[in-house]
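# Commentary on secondary and tertiary structure
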Amino acid sequence: MNRAPLTRRPRRTGSLLGLAAWLCGIAFFLPVAWMVLTSFHSEADAATNPPSVGAGLSLHGYREFFGAVSGVSPWPPLLNSLTASVVSTLLVLALAVPAAYALAIKPVRKWSDVLFFFLSTKMLPLVAGLLPVYLVAQNTGLLDSVWLLVILYTSMNLPIAVWMMRSFLAEVPVEMLEAASIDGAGLTTTLTRIVAPVALPGIAATALISFIFSWNELLFARVLTGIVAGTAPVFLTGLVTSQGLFLAKVCAAATVISLPVLVAGFAAQDKLVQGLSLGAVK
């Protein structure tokens, strides 16, 4: 007689949790949807208070962003961001995978202390290291250079990448590594033919997160770059001028600048979910 309420209670709890998850997802999605919708409005419609939802659509904001009216092209900052993000992500993977292999599969002495050292480098606020980095870049002639951003983004993303890859590589079956060792496989062969295919979801997740962090970084790019190596976020902040905030143009710029991250996340979503779920309780 008492079993029916017990079975209904978990179902109700699951339904409530599902509804809460949907509400949270919609709450996070609404600002993005509003930004995209505003980017297709004219400046007059975008500036109304309250905003006009049913206003006519226009591509004026996108024409302004791509320089059809002002003549200022956004392509150099976009290419700078793409170069710095892609190159730094590749360097992070090239350094993080062997380091994580040494910490997870071939553990070094006091490997937990090594992991804590990597994590401790993230405890320093970025603004605290801004002045020393600026002075070093000035003395080495790297100011306003994309390669300075590559070095900085690689060093900033490497600690979290090592932590992520270490947890992913810990899931690689030891039997496969022992079989490869018996067959005479060296370190390079083991990493490229054994470890990499098994840990591919984790590598994809680490690469995507490193790319997102590099693409969205603003503080160092704002201070250490100028005309030559300015990135897309720096270009976006330049749209706020003393003449006022042109909302439709800013929303169009934000939409275009967000597209590479959204496309990369959508293309690698299956690998991202698999990678972030490695090590979970099964």
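Coordinates for the structure precede this section.
These lines cover the structure that appears in this document, whether it is placed above or below. Residue positions are counted from 1 within each chain, in the order its sequence is given. Restriction of local features to residues with pLDDT of at least 70 applies here, the model being predicted, together with a cutoff of 80 or more for giving and counting side-chain atom pairs; totals for whole chains, interfaces and linings are based on all residues. In computing side-chain values, all of the structure's heavy atoms are included and hydrogens and water are not.

The next point concerns the overall build of the chain. The numbering of helices and of strands both runs from the N terminus, where a helix is a DSSP run of H or I of at least 4 residues and a strand a run of E of at least 2. Looking only at helices and strands, the chain has 14 helices and 0 strands in total. In sequence order, the secondary structure elements of the chain are arranged as α-α-α-α-α-α-α-α-α-α-α-α-α-α. With the radius of gyration taken over C-alpha atoms, the globule rule is written as 2.2 Å times the number of residues to the power 0.38. Computed over its C-alpha atoms, the radius of gyration of the chain comes to 24 Å, more than 25% above the 19 Å expected for a compact globule of 282 residues. Along the first, second and third principal axes, the C-alpha set of the chain runs to 80 × 70 × 35 Å. For each residue, the accessible area found with a 1.4 Å probe, counting protein chains only, is set against the maximum for its type, and the residue is called buried under 20%, exposed over 50%, and partly exposed in between. Within the chain, the fraction of its 282 residues that count as buried is 35%. Looking at the chain alone, contacts between residues at least 24 apart form 74% of all its contacts between residues at least 6 apart. Split by element, the accessible area of the chain, about 16900 Å² in all, is 70% carbon and sulfur. Residue contacts are defined here by distance: any two heavy atoms, one from each residue, within 4.5 Å place the two residues in contact. To measure how exposed things are, a 1.4 Å probe is used in the Shrake-Rupley method; for residues, cover is taken only from the protein chains shown.

Attention now moves to the packing of helix 8 (residues 174-182) against helix 9 (residues 187-198). Interaxial angles span 0 to 180 degrees and are taken between N-to-C directions of axes, which are lines fitted to C-alpha atoms, for helices over the stretch in contact. One way to put it is that helix 8 packs onto helix 9 with a least axis distance of 11 Å and a crossing angle of 165 degrees. In terms of orientation, helix 8 and helix 9 fall into the roughly antiparallel class. You can see that helix 8 and helix 9 cross each other, and the crossing is right-handed. Along the contact surface, helix 8 presents Met176, Leu177 and Ala180, while helix 9 presents Thr190, Ile194, Val195 and Val198. Throughout, the ten residues Ala, Val, Leu, Ile, Met, Phe, Trp, Tyr, Cys and Pro are labelled nonpolar, Asp, Glu, Lys and Arg are labelled charged, and all others, Gly among them, are labelled polar. By residue class, the composition of the contact of helix 8 with helix 9 is 6 nonpolar, 1 polar and no charged. Under this scheme an angle from 65 to 115 degrees is roughly perpendicular, one under 35 degrees roughly parallel, and one over 145 degrees roughly antiparallel; angles in between are oblique. The hand of a helix crossing depends on one turn: near helix anticlockwise from the far one by less than a right angle means left-handed, and clockwise means right-handed.

Paired rings are identified among Phe, Tyr and Trp, the last through its six-membered ring, by centres lying within 6.5 Å, and are further divided according to the angle between planes into stacked (under 30 degrees), edge-to-face (over 60) and tilted (the rest). Scanning all chains against the criterion turns up 5 aromatic pairs. Here Phe66 and Trp75 contribute two aromatic rings whose centre-to-centre distance is 5.8 Å and whose plane-to-plane angle is 35 degrees, an arrangement assigned as tilted. Overall, Phe66 belongs to the partly exposed group, its relative accessible area being 34%. Members of the aromatic cluster, each reached through a chain of ring pairs, are Phe65, Phe66, Trp75 and Phe235.

By nonpolar core is meant a set of buried Ala, Val, Leu, Ile, Met, Phe, Trp, Tyr and Cys residues that side-chain atoms within 4.5 Å join together. Grouped together as the largest cluster of nonpolar side chains are 27 residues, with contacts concentrated most on Ile105, Val162, Met165, Leu169 and Val195. For this core, the elements supplying multiple residues, two or more each, are helix 4 (75-104), helix 5 (111-120), helix 7 (146-169), helix 8, helix 9 and helix 10 (200-216). Leave out the neighbours within four places in its chain, and Val162 touches Ala96, Ala99, Ala100, Leu103, Leu115 and Phe118. By size, the runner-up hydrophobic cluster in this structure holds 15 residues, among which are Leu130, Val146, Leu152 and Ala221.

Take it as geometry only, folks, not as evidence of what the structure does.
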